[in-house]
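Coordinates in review
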Amino acid sequence: MQLFNRRKTMKKSLVFGAALLLAAPLAAQEFWELDPRKADLEAGRIYRTEVIPYALRHDAEARNRDKAGAVLPFAPKEIGAIDAGRVAAAIVEIPFEWTDGLTYLHLENVGSAYSLYLNGALVAEVEDPLTPAEFHLSPLVVQGRNDFRLLLRPSDTPGIDPEPAVRRTPFAESYLYNQHKRSIRDFEIALVPDSMRRDGILELKILALNGYNYDEKVEAGFDIYSPQGRLLDFNIREIPLPGRSTDTVRFHPFIYHVNQNRWTADTKAAPPVYRAMLFTRRDGTYREYMPLLLGFGRTEFAAGRLLRHDEVLQLKRTRYNAAADRKTTLAEVRALKAKGFNTLCPDYPQPAWFYDLCTEQGLYVIDRAAIAAPERRTDRRVGGTPSNDPALVGEYLERVKAMYYRSRNYPCVIAFALGAPSGNGYNMYKAYEWLKSVERHRPVLYEDAAGEWNSDTEE
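Per-chain numbering applies: the sequence of each chain, read as written, is numbered from 1 onward. Given that this is a predicted model, residues contribute local features only at a pLDDT of at least 70 and side-chain atom pairs are listed and counted only at 80 or more, while totals for whole chains, interfaces and linings are drawn from all residues. Side-chain measures here rest on the full set of heavy atoms in the structure, leaving out hydrogens and waters.

We now examine helix H2 (residues 326–338). Taking 1.5 Å per residue, 13 residues should reach 18 Å; H2 reaches 18 Å between its end C-alpha atoms and fits that length. Here the term buried applies to any residue with accessible area under 20% of the maximum for its type, exposed to any over 50%, and partly exposed to those in between, with areas from a 1.4 Å probe on protein chains only. In this description a helix means any DSSP run of H or I spanning at least four residues, a strand means any run of E spanning at least two, and both kinds are numbered starting from the N terminus. Listed as buried for H2 are Thr329, Val333, Leu336 and Lys337. The buried residues of H2 occupy an angular sector of 95 degrees when the element is viewed end-on, so they sit on one face. Of the exposed residues in H2, the ones pointing more than 90 degrees away from its buried face are Lys327 and Ala338. Residues of H2 that are buried in the fold lie against strand E25 (317–319), strand E26 (343–345) and helix H3 (352–361). To estimate how far a helix should extend, the number of its residues minus one is multiplied by 1.5 Å. This arc describes the spread of directions from the helix axis toward the C-beta atoms. The contact criterion used throughout is that any non-hydrogen atoms of two residues lie within 4.5 Å.

Each salt bridge in this description consists of a side-chain nitrogen of Lys or Arg and a carboxyl oxygen of Asp or Glu lying within 4 Å of one another. Applying the stated rule across the entire model yields 33 salt bridges. Among the salt bridges present, the one from Arg153 reaches Glu127, with a minimum N-O distance of 2.9 Å. Separated by 26 residues along the polypeptide, Arg153 in strand E12 (residues 144–153) and Glu127 in the loop between strand E10 (121–126) and strand E11 (133–136) bring together distant segments of the chain. Residue Arg153 is classed as buried on the basis of its relative accessible area, which comes to 3%. Among the ionic pairs, Asp147 bridges to Arg149, the shortest N-O distance being 2.7 Å. Judged on exposure class, the residue Asp147 and its partner Arg149 are both buried. Through salt bridges with shared partners, a single network forms among Arg182, Glu216, Arg282 and Asp283.

Note on definitions: angles span 0 to 180 degrees between N-to-C directions of axes, and those axes are lines fitted to C-alpha atoms, for helices only across the stretch in contact. Close contact between helix H4 (residues 393–407) and helix H5 (residues 426–438) brings their axes to 9 Å; oriented N to C, the two are set at 30 degrees. In terms of crossing hand, the pair formed by H4 and H5 is right-handed. Judged by residue contacts, Val393, Tyr396, Leu397, Val400, Lys401, Met403, Tyr404 and Tyr405 of H4 engage Tyr426, Asn427, Met428, Lys430, Ala431, Trp434, Leu435 and Val438 from H5. Two helices crossing with the near one rotated counterclockwise from the far one by less than a right angle form a left-handed crossing, whereas a clockwise rotation gives a right-handed crossing.

Turning next to the nonpolar core. Remark: nonpolar core denotes a set of buried residues (Ala, Val, Leu, Ile, Met, Phe, Trp, Tyr, Cys) joined through side-chain atoms within 4.5 Å. Leu344, Phe354, Val400, Cys412, Leu418 and Leu435 are the most contacted members of the largest nonpolar core, which has 54 residues in total. Among the elements that make up this core, the one with the highest residue count is H4 (8 residues). Residues in contact with Val400, not counting those within four places in the same chain, are Ala369, Ile371, Leu418, Ala431, Trp434 and Leu435. Counting 26 residues, the second largest nonpolar core, distinct from the first, contains Leu204, Ile206, Val218 and Phe251.

What counts as a ring pair is set by centres within 6.5 Å for rings of Phe, Tyr and Trp (its six-membered ring), and what kind of pair is set by the plane angle: stacked under 30 degrees, edge-to-face over 60, tilted for all other angles. Per the counting criterion, the structure on display carries 23 aromatic pairs. For a ring to carry a charge above it, either NZ of a lysine or CZ of an arginine must fall within 6 Å of the ring centroid while also lying within 35 degrees of the normal to the ring plane. Geometry around Tyr104 places Arg48 over its ring, the cationic atom sitting 4.3 Å from the centre.

Counting buried residues in strand E28 (residues 413–417) gives 5 out of 5 residues, a clear majority hidden from the surface. Here, strands pair whenever DSSP counts at least two bridges between them. Across 4 bridges, the pairing between strand E27 (residues 364–368) and E28 is parallel. When the sheet's bridge partners are listed, Arg368 is paired in E28 with Ala417. Once the chain exits E27 it traverses H4 before rejoining the sheet at E28, and the crossover so formed is right-handed. When E28 meets strand E29 (residues 444–445), the two strands line up parallel, connected through 2 bridges. Bridge pairing in E29 links Phe416 to Val444. Here is how to tell: hold the view so the strands point away, follow the path from the first strand over the helix to the second, and if it runs clockwise the crossover is right-handed. Considered for its hand, the β-α-β crossover made up of E28, H5 and E29 is right-handed.

The backbone phi angle of Asn109 is positive, close to 60 degrees, even though this residue is not glycine. One can find Asn109 in the loop between strand E8 (101–107) and strand E9 (113–118). In this structure Asn109 comes out as buried when scored by relative accessible area, which is 18%. Although it is not a glycine, Asn119 adopts a positive phi angle of roughly 50 degrees. As for its position among the elements, Asn119 is in the loop between E9 and E10.

On to the sheet that holds strand E22 (residues 299–302). Judged by pairing direction, the sheet is antiparallel, and its 3 strands sit side by side in the order E22-E23-E24 without closing on themselves. Looking at strand neighbours, the two that pair on one side only are E22 and strand E24 (311–312), the edges of this open sheet. By the bridge criterion, 2 bridges tie strand E23 (residues 305–308) to E24 in an arrangement that is antiparallel. Residue Arg308 lies in a different strand from E24, and its bridge partner there is Glu311.

A separate point is the state of the cysteines. Our working definition of a disulfide is a cysteine sulfur pair at a distance within 2.5 Å. The full count for this structure, using the stated rule, is 0 disulfides. Of all cysteine sulfurs, the one in Cys412 lies closest to Cys358, which takes part in no disulfide; the gap is 5.2 Å.

With that settled, the discussion passes to the side chain of His106. Mapped onto the elements, His106 comes out in strand E8. Exposure remark for His106: the relative accessible area of 0% places this residue in the buried category. Here a polar contact is taken to be a pair of N or O atoms separated by no more than 3.5 Å, where protein atoms must pair a possible hydrogen donor with a possible acceptor and residues adjacent in sequence count only if both atoms sit in side chains. Here the side chain of His106 touches Glu134 through a polar contact of 2.9 Å, side chain to side chain. With sequence-adjacent residues up to four places away left out, His106 is seen in contact with Glu50, Pro132, Ala133, Glu134, Glu173, Ser174 and Tyr175.

The next point concerns the sheet that holds strand E6 (residues 77–82). With antiparallel pairing, 5 strands are arranged side by side in an open sheet as E6-E7-E12-E9-E10. Taken across any chain shown, the strands that pair with only one partner, and hence form the sheet edges, are E6 and E10. Across the sheet, the axes of successive neighbouring strands diverge by a mean angle of 25 degrees, strand direction being ignored. The pairing of strand E7 (residues 85–94) with E12 spans 9 bridges and is classified as antiparallel. Across the sheet, the residue bridging to Ala89 is Arg149, located in E12.

For H5, which comprises 13 residues, the first-to-last C-alpha distance of 19 Å matches the rise-based estimate of 18 Å (1.5 Å per residue) to within 8%. All buried positions along H5 are accounted for by Asn427, Met428, Tyr429, Ala431, Tyr432, Trp434 and Leu435. Each element contacted by the buried residues of H5 is listed here: H4, E28 and E29.

Everything listed is a geometric property; what it means functionally is a separate question.
As structure tokens, then:
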């Protein structure tokens with residue numbers, strides 16, 4: 001028998017048979033805000049670019065997830081209902097070789113707020129039912145049988161949840177994956193003009209991780225191919241790292257003849273797309289590959305104008321959320337582009353393949369955090385609209401951070417929106433300040449700013 005007790009203090013308990021296991025939520029921290037010499041290796045939610053590491057290059061190039069290497073599907077089944085909600089469970093066999101690496105869980109299409117438990121310990125609690133989330137599990141994973149339990153429950157913040165546009169199969173596109181302890185923890189990448197606007201520069205920062213308890217060297221690198229299939233640059237560097245630490249490897253190579261391959265949504269045809277590959281190497285053997293799509297150009301906000309290739313962008317927007325699958329979505333976005341729309345405005349963060357698809361097809365995206373509190377948007381009293389309730393500021397920031405870290409590296413994303421029209425106040429001010437602290441070029445937008453300072457342009 002499994003029993004969950006839920007209290008307003010947000011403390012939970014989980015009973016397995018006669019054993020009572022108590023666990024407090026573990027702090028979730030962002031890699032880029034940590035001391036760069038200390039790795040966040042505790043179990044809990046993490047925020048980073050959403051990628052799958054592939055074991056072989058040809059599988060990475062084909063995005064062949066079935067042969068990605070250390071990836072397992074994750075599809076828990078509901079096993080019953082209790083007072084606090086519904087319980088979903090999965091027993092996953094973790095192979096021996098995974099115990100020498102770092103294990104992560106990607107959760108998507110959960111359908112409700114949830115509390116995630118692994119082997120009786122509370123990993124994290126998530127109120128946002130729509131934004132895909134990632135969790136580091138290594139401290140809790142054991143070789144062999146691992147017991148995953150999810151309490152699918154009412155949200156503690158229901159007043160700010162957007163309505164989902166489509167209902168996907170529960171846990172569709174959720175998976176477990178494993179990385180080597182010498183691996184790529186995260187990265188930032190863009191192919192942008194040089195100061196003279198003659199050539200391009202690949203701006204790449206790789207956050208390398210040593211997950212061992214002792215000093216190790218990590219080799220991390222990249223290559224980049226032109227839209228015509230020509231290898232343009234290749235580099236790999238070795239960086240010594242103390243145990244359980246990270247450090248940033250930076251690459252800034254010139255990429256020539258880019259102006260003939262400008263990425264823009266203002267053409268009928270699909271724009272040219274560069275293909276990059278990040279990888280690690282150990283003793284001459286390549287260990288993990290991460291494939292990426294790049295578009296040449298930088299979206300910038302200056303003097304109240306949104307610019308790309310030093311030209312003012314003329315946005316023809318439409319509200320759009322991805323369909324239930326990539327094939328249907330592809331047909332729909334092509335139809336929207338044929339009607340003259342060049343900018344898609346989803347209601348909340350979308351599946352990762354949606355952003356790749358928009359990059360390939362040539363459509364701008366204004367990404368939006370999963371925040372929608374329209375009912376009391378005009379009540380500016382403290383606690384009137386949820387957007388001016390300081391008790392909710394942590395949840396507002398968590399949703400904005402989750403949105404930003406997932407989509408910041410996609411060239412199609414030209415701006416970030418704090419949420420749907422939800423009134424204004426303290427929480428939206430803090431969300432704007434945080435986004436501006438991490439995003440130097442693209443604008444932050446908010447429809448309900450109503451002339452206040454926490455939106456870079458009038459919607």
